[in-house]
Amino acid sequence: MNWMILILAGLLEVGWAVGLKYTEGFSRLWPSLGVALAIAASMFLLAIAMRTLPVSTAYAVWTGIGIAGTAIFGVVMLGESMGVVKLLSLGLIVAGIAGLKFTG
């Protein structure tokens, strides 16, 4: 169950990271409130997951989901470029997340 909570926390991290783009430097109220709520929820869920998961594994997986998910969102939804090096780098991040999940 804590792995599912951690994955949800990571997806919320993707949400707030992408949401930062729409706050326009925190000058727009509703996107800014959405980002603040997503940050709080993501941190709360991360803390819950860390009750039983090792901190090194939980934090690395959480940030890895945030990094990879945000990059993939940018490519798929925002039309950002995806070259071979970027794709390989994301693959390494995902492989690292999987490795931590299966060893931690």
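Just so we're clear, the structure is a prediction, and the values are computed from it rather than from any experiment. (Residues numbered from 1 in each chain as written. Predicted model: local features only at pLDDT ≥ 70, side-chain atom pairs only at ≥ 80, totals over all residues. Heavy atoms only, no water.)

As a further point, take the overall build of the protein. If you tally the helices and strands in the protein, you get four helices and zero strands. Listed by position from the N terminus, the elements making up the protein come as α-α-α-α. Over its C-alpha atoms, taken along the principal directions, the protein stretches across nearly 40 × 35 × 15 Å. Scored against the burial criterion, the 104 residues of the protein give a buried share of 34%. Summarising the internal contacts of the protein: among those between residues at least 6 apart in sequence, 67% fall at separations of at least 24. For the protein, the accessible area works out to roughly 6,300 Å², and carbon and sulfur atoms hold 76% of it. (Helix = DSSP H or I, 4+ residues; strand = E, 2+ residues; numbered from the N terminus. Buried < 20%, exposed > 50% of the residue type's maximum accessible area, 1.4 Å probe, protein only. Contact = heavy atoms within 4.5 Å. Areas by Shrake-Rupley, 256 points an atom, 1.4 Å probe, with all protein chains shown as cover.)

This part covers the packing of helix α3 (residues 55-78) against helix α4 (residues 84-103). α4 packs onto α3 with a crossing angle of 150° between their chain directions and a minimal axis gap of 9 Å. When the axis of α3 is compared with that of α4, the two are roughly antiparallel. Considering only the axes of α3 and α4, their crossing is left-handed. In contact with Thr57, Ala60, Val61, Gly64, Ile65, Ile67, Ala68, Ala71, Ile72 and Val75 of α3, α4 contributes Lys86, Leu90, Ile93, Val94, Ile97 and Leu100. (Axes fitted to C-alpha atoms, helices over the stretch in contact; angles between N-to-C directions. Parallel < 35°, antiparallel > 145°, perpendicular 65-115°, else oblique. Left-handed = near helix turned anticlockwise from the far one by under 90°.)

With that out of the way, let us pick up α3. Since one α-helical turn is 3.6 residues long, residues separated by three or four positions face the same way. Compared with an ideal rise of 1.5 Å per residue, which puts 24 residues at 34 Å, α3 spans 33 Å between its outermost C-alpha atoms and is within 8% of the ideal. Taken together, the buried positions of α3 are occupied by Thr57, Ala58, Val61, Trp62, Thr63, Gly64, Ile65, Gly66, Ala68, Ala71, Gly74 and Val75. In this fold, the buried residues of α3 make contact with α1 (2-23), α2 (29-49) and α4. Count one or two residues on from α3 and you reach glycine 79, which has phi positive near 75°. (Expected span 1.5 Å × (residues − 1).)

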